[in-house]
Amino acid sequence: MTISIEEIRRILTAESTSQKIHVLSKLVETDNNQIISEIVKMLNDPEIRVRGEAFSTLVLNPKNISTVLINHLKSDSKNVRAFSALILANRNDKTAAENISKLTNDDSGMVRSCALGALGHLKAKAFSKNIHDCFSDSNIEVKRSALHALISIGEKISSEDISELKKENDPEINKILNIKN
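Residues numbered from 1 in each chain as written. Predicted model: local features only at pLDDT ≥ 70, side-chain atom pairs only at ≥ 80, totals over all residues. Heavy atoms only, no water.

A look at the overall build of the protein
Stated formally: Put simply, DSSP H or I for four residues or longer makes a helix, DSSP E for two residues or longer makes a strand, and each gets a number counted from the N terminus. Here the term buried applies to any residue with accessible area under 20% of the maximum for its type, exposed to any over 50%, and partly exposed to those in between, with areas from a 1.4 Å probe on protein chains only. Residue contacts are defined here by distance: any two heavy atoms, one from each residue, within 4.5 Å place the two residues in contact. Surface accessibility follows the Shrake-Rupley procedure with a 1.4 Å probe radius. Residue values consider only the protein chains on display as shielding. Counted as positive: Lys and Arg. Counted as negative: Asp and Glu, with His and the chain ends omitted from the count. Charge placement uses NZ in Lys and CZ in Arg. For Asp and Glu, CG and CD serve respectively.
The number of helices and strands found in the protein is twelve helices and zero strands. By principal-axis analysis of the C-alpha atoms, the protein measures approximately 60 × 30 × 25 Å. Relative to its full complement of 181 residues, the protein shows a buried share of 48%. Residue pairs at least 24 apart in sequence account for 59% of intrachain contacts in the protein once pairs closer than 6 positions are excluded. Counting every atom, the protein has about 9500 Å² of accessible surface; 47% of that belongs to carbon and sulfur. Here the protein carries 25 positive and 24 negative side-chain charges, and the mean point of each set is 3 Å from the other.

As for the side chain of Ser 75
To be explicit about the condition: Any pair of nitrogen or oxygen atoms within 3.5 Å is treated as a polar contact; in protein, a donor-acceptor pairing is required on top of that, and neighbouring residues in sequence qualify only through side-chain atoms on both sides.
Turning to its location among the elements, Ser 75 is positioned in the loop between α5 (66–71) and α6 (78–90). Of note is the side chain of Ser 75, whose polar atom sits 3.0 Å from the backbone nitrogen of Ser 77. Among all residues touching Ser 75, those that are not within four sequence positions of it are Val 80 and Arg 81.

Section: the pattern of salt bridges
Note the cut-off: Any Lys or Arg side-chain nitrogen located within 4 Å of an Asp or Glu carboxyl oxygen qualifies as a salt bridge.
Inspection of the entire model under this criterion finds 14 salt bridges. Asp 170 is the salt-bridge partner of Arg 144, the closest N and O atoms lying 2.5 Å from each other. Taken together, the residues span a long stretch of sequence, with Arg 144 in helix α10 (residues 140–153) and Asp 170 in the loop between α11 (159–166) and α12 (171–176) at a distance of 26 residues. With a relative accessible area of 8%, Asp 170 lands in the buried category. Among the charged side chains, a salt-bridge network with shared partners connects Glu 141, Arg 144, Asp 170 and Glu 172.

Quick look at the packing of helix α1 (residues 5–14) against helix α3 (residues 33–41)
Helices that pack against each other are described as a pair by the angle of their axes relative to one another and the distance between those axes. Here is the rule: In this analysis, axes come from line fits to C-alpha atoms, helices being fitted only over the stretch in contact, and the angle between any two N-to-C directions falls in the range 0 to 180 degrees. Any angle between 65 and 115 degrees counts as roughly perpendicular, while under 35 counts as roughly parallel, over 145 as roughly antiparallel, and the rest as oblique. Polar here means any residue outside two lists: the nonpolar Ala, Val, Leu, Ile, Met, Phe, Trp, Tyr, Cys and Pro, and the charged Asp, Glu, Lys and Arg; Gly therefore counts as polar.
Between α1 and α3, the shortest axis-to-axis distance is 10 Å and the interhelical angle comes to 5°. On the basis of their axis angle, the class for α1 and α3 is roughly parallel. When α1 is examined against α3, the residues Ile 5, Ile 8, Arg 9 and Leu 12 are found in contact with a partner set consisting of Gln 34, Ile 35 and Glu 38. Class assignment for the residues of the contact of α1 with α3 results in four nonpolar, one polar and two charged.

Below, the structure written as structure tokens:
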């Protein structure tokens, strides 16, 4: 089935959820940058099933689509930035780590948290300072993600950081640190 970029755009912007999902599922093996960009835009669709299908389509794509995904780390959409980072991590694209690390300073807590998760998944030790810096974040999810990321990369957590994290009195952080209340 050959479908034009114009037809893909029309379906992804105007058609039903089931039609969007159907088209996305047929695009797993494309290496057309314009089509990849259209798929990435679906990470911001209001329907979670469409976002999930777009995510899966991009993760499963066997082609080299990293450049397009990295470019979308600068999107105006927080969903696109966050999910693009996670897709790159799930594709084990270690070359994207530097670009992902910049998102640890993003305005959106969700994006910061996803970026930290991606860095941890990629075992990006080179960016441990970015991860450490997130312990002082105002968002508890970001602090949790930073803790998970440091553990994932095998980085030591200082006693000072542990003391500061304990002050949060957060059950999940305490569980991660194996602290009993």
